[in-house]
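# A look at the structure
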Amino acid sequence: MAHPRGKAIFAALSELDDSDDVRCFKLVAGKVTFVHRRVLPALACLAGNGVIAADRAAAIQQEHMPTGEHRNLVTPFPDWVPDDVARAAAGSPSTRRAAQLGAWL
């Protein structure tokens, strides 16, 4: 049975997915996880140091097909990492960066 506010929830998630400030990954239990740009250096640092598996650090963009289906477009780590994020991640201690992402790690 569909959630009574399913369309509103879908619209909000789609807006997040389209934001330039947010990227999607399957970081937590293989589920889509929205990550704000301010913590992308932490994610890049930890993935680069092997703390987070590269497949979990692959960026996902959902494409909505005319049929109503969804398709995930996957950009592997580190292909999605912009230069400014790579510079911010370089030389950072993993323990400091892990603290930015929280206990789910």
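Everything that follows concerns the structure shown earlier in this document.
Here is a short report on the structure shown in this document. (Residues numbered from 1 in each chain as written. Predicted model: local features only at pLDDT ≥ 70, side-chain atom pairs only at ≥ 80, totals over all residues. Heavy atoms only, no water.)

Right, let's talk about the overall build of the protein for a bit. Check the secondary structure of the protein and you find four helices and four strands. Going from the N terminus to the C terminus, the protein shows its helices and strands as α-β-β-α-β-β-α-α. Once the C-alpha set of the protein is aligned to its principal axes, its extents read approximately 45 × 25 × 20 Å. When contacts within the protein are restricted to residue pairs at least 6 apart in sequence, those whose partners lie at least 24 apart make up 50%. Of the roughly 6900 Å² that the protein leaves accessible, carbon and sulfur atoms contribute 55%. Here the protein holds 12 positive side-chain charges and 11 negative ones, and the gap between their average locations is 8 Å. (Helix = DSSP H or I, 4+ residues; strand = E, 2+ residues; numbered from the N terminus. Contact = heavy atoms within 4.5 Å. Areas by Shrake-Rupley, 256 points an atom, 1.4 Å probe, with all protein chains shown as cover. Lys, Arg positive; Asp, Glu negative; His and termini not counted. Charge placed at Lys NZ, Arg CZ, Asp CG, Glu CD.)

Of note, Leu 105 is situated in the segment after α4 (94-101). Taking C-alpha positions, Leu 105 is 8.5 Å from Leu 27, a pair spaced 78 residues apart along the chain. The residues contacting Leu 105, other than those within four sequence positions of it, are Leu 46, Ile 52 and Ala 98.

For the rest of this paragraph, the subject is the nonpolar core. Counting 20 residues, the largest nonpolar core has Phe 25, Leu 40, Leu 43, Ile 52, Phe 77 and Trp 80 as the members making the most contacts within it. Contributions of two or more residues to this core are made by β1 (22-28), α2 (40-48) and α3 (83-89). Ile 52 has contacts with Leu 27, Leu 43, Leu 46, Ala 47, Ala 57, Leu 101, Trp 104 and Leu 105, leaving out every residue within four places of it along the chain. (Core = buried A, V, L, I, M, F, W, Y, C linked by side-chain atoms within 4.5 Å. Buried < 20%, exposed > 50% of the residue type's maximum accessible area, 1.4 Å probe, protein only.)

One pass over the full model with this rule turns up two aromatic pairs. Arranged with centres 6.2 Å apart and planes meeting at 55 degrees, the rings of Phe 77 and Trp 80 form a pair that is tilted. Among the residues examined, Phe 77 registers a relative accessible area of 17% and is labelled buried. Classification of Trp 80 as buried rests on a relative accessible area of 4%. Of the aromatic side chains, those joined through ring pairs into one cluster are Phe 25, Phe 77 and Trp 80. (Phe/Tyr/Trp six-rings, centres within 6.5 Å; stacked < 30°, edge-to-face > 60°.)

Our next topic: the side chain of Thr 33. Locating Thr 33 in the fold gives a position in strand β2 (residues 31-36). Of note is the side chain of Thr 33, whose polar atom sits 3.5 Å from the backbone nitrogen of Leu 27. A distance of 3.3 Å separates a polar atom in the side chain of Thr 33 from the backbone nitrogen of Val 28. (Polar contact = N/O pair within 3.5 Å; in protein donor to acceptor, adjacent residues only side chain to side chain.)

Any link to function would need more than the numbers given here.
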